[in-house]
Amino acid sequence: MFGNVAIAAAGCEITENGANVSRSVEMLLLVKDQDAGKIVAQAWDTENPSKPIPRALLASSENP
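Basis of the calculations
- Residues numbered from 1 in each chain as written.
- Predicted model: local features only at pLDDT ≥ 70, side-chain atom pairs only at ≥ 80, totals over all residues.
- Heavy atoms only, no water.
- Helix = DSSP H or I, 4+ residues; strand = E, 2+ residues; numbered from the N terminus.
- Rg over C-alpha atoms; globule rule 2.2 N^0.38 Å.
- Salt bridge = Lys/Arg side-chain N within 4 Å of Asp/Glu carboxyl O.
- Buried < 20%, exposed > 50% of the residue type's maximum accessible area, 1.4 Å probe, protein only.

**Q** Hey, could you go over the overall build of the chain for me, with residue numbers and the actual values?
**A** When helices and strands are tallied, the chain shows zero helices and three strands. Secondary structure elements in the chain, listed N-terminal to C-terminal, are β-β-β. Relative to its length of 64 residues, the chain is extended, with a C-alpha radius of gyration of 14 Å against a globular reference of 11 Å. Judged by the C-alpha coordinates and their principal axes, the chain covers about 40 × 30 × 20 Å.

**Q** Outline the pattern of salt bridges, supporting the account with residue identities and numerical values.
**A** Following the criterion strictly, the structure yields three salt bridges and no others. Among the ionic pairs, R23 bridges to E47, the shortest N-O distance being 2.9 Å. With R23 in strand β2 (residues 20-33) and E47 in the segment after β3 (36-46), the pair connects residues that are 24 residues apart, well separated along the chain. In this structure, K51 and D45 form a salt bridge, with 3.1 Å as the shortest nitrogen-oxygen distance. The partly exposed category is assigned to K51, whose relative accessible area is 35%.

Below you can see the structure in the form of structure tokens.
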């Protein structure tokens, strides 16, 4: 957070129908409103073999 704005990045994994797994990275722009951060913009992109999720965004169990 810098002043009233912040940027958050998160690696995400979604399992659909118990089998189809996809991973992506979400980027959020937050603005402080009173005492809470509110999402004002969101963008994401899906991982593929030529574009893997950066190691820094993977869960600690996958990022020794």
